[in-house]
Amino acid sequence: MERTLSIVKPDGVRKGLVGEVIRRFENAGLRVAALKRVALRKREAEAFYAVHAEKGFFQSLTDFMSSGPVVAMVLEGENAIKRTREIMGATNPKDAVPGTIRADFAEEVEQNIVHGSDSPDNAAVEIAFFFSQREIQ
Ligand code: DAT
Ligand code: MG
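A few points on the structure. (Residues numbered from 1 in each chain as written. Chains lettered and ligands numbered in written order. Predicted model: local features only at pLDDT ≥ 70, side-chain atom pairs only at ≥ 80, totals over all residues. Heavy atoms only, no water.)

Remarks on the site of ligand 1
Here comes step 1: Near ligand 1 the following residues occur: Lys9, Tyr49, His52, Phe57, Leu61, Arg85, Thr91, Arg102, Val109, Glu110 and Asn112.
Here comes step 2: Lys9 places a polar side-chain atom, nitrogen or oxygen, 2.9 Å from an oxygen atom of ligand 1.
Here comes step 3: When ligand 1 is considered free in solution it has 510 Å² of accessible area, and contact with the protein chains removes 75% of it.
Here comes step 4: For the shell around ligand 1, the residue count by class is four nonpolar, three polar and four charged. (Near = heavy atom within 4 Å. Polar contact = N/O pair within 3.5 Å; in protein donor to acceptor, adjacent residues only side chain to side chain. Areas by Shrake-Rupley, 256 points an atom, 1.4 Å probe, with all protein chains shown as cover. Nonpolar A, V, L, I, M, F, W, Y, C, P; charged D, E, K, R; others polar.)

Listed below in structure tokens is the structure:
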């Protein structure tokens, strides 16, 4: 049993894809262990993506992530981290396999609909960023 954090990003929420994204995760056997809609402040988006602080796209990425509400969720299941990222597809939708969320709905690399943690350590940090202990019991 593993847990990961996924986010429907502001473009996914604007496009009405919250249900579609959750459907795809649930269809794959992942369970939603916690869920919330939240508007990130610019500073919060910067903290969430701190590992990318030195990248050229950091300002633009964090402007985008704070441009509207997101829906954050904890997904749980066997190999949840890897499976969530498989269902999401590659970071750049041009490289994403057809049938993945990013291939089907994203138009460009920065606004790519969905986030998923990339390791157990990062999943723990990212889950704690959005959810208190009692929200994920
Ligand atoms: P992922 O979201 O697949 O884990 P990442 O952690 O490398 O990808 O990057 C985080 C986000 O930053 C990504 O979802 C979209 C944005 N991003 C990544 N590479 C980018 C680039 N070359 N230009 C613009 N935005 C980029
Ligand atoms: Mg990442």
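Thoughts on the packing of aromatic side chains
Here comes step 1: According to the stated counting rule, one finds four aromatic pairs in the structure shown.
Here comes step 2: Their ring planes at 80° and their centres at 5.1 Å tell us that Phe48 and Tyr49 sit as a pair that is edge-to-face.
Here comes step 3: Exposure remark for Phe48: the relative accessible area of 9% places this residue in the buried category.
Here comes step 4: Given the relative accessible area of 8%, Tyr49 is considered buried.
Here comes step 5: Put simply, the rings of Phe48, Tyr49, Phe129 and Phe130 pair up and form one aromatic cluster. (Phe/Tyr/Trp six-rings, centres within 6.5 Å; stacked < 30°, edge-to-face > 60°. Buried < 20%, exposed > 50% of the residue type's maximum accessible area, 1.4 Å probe, protein only.)

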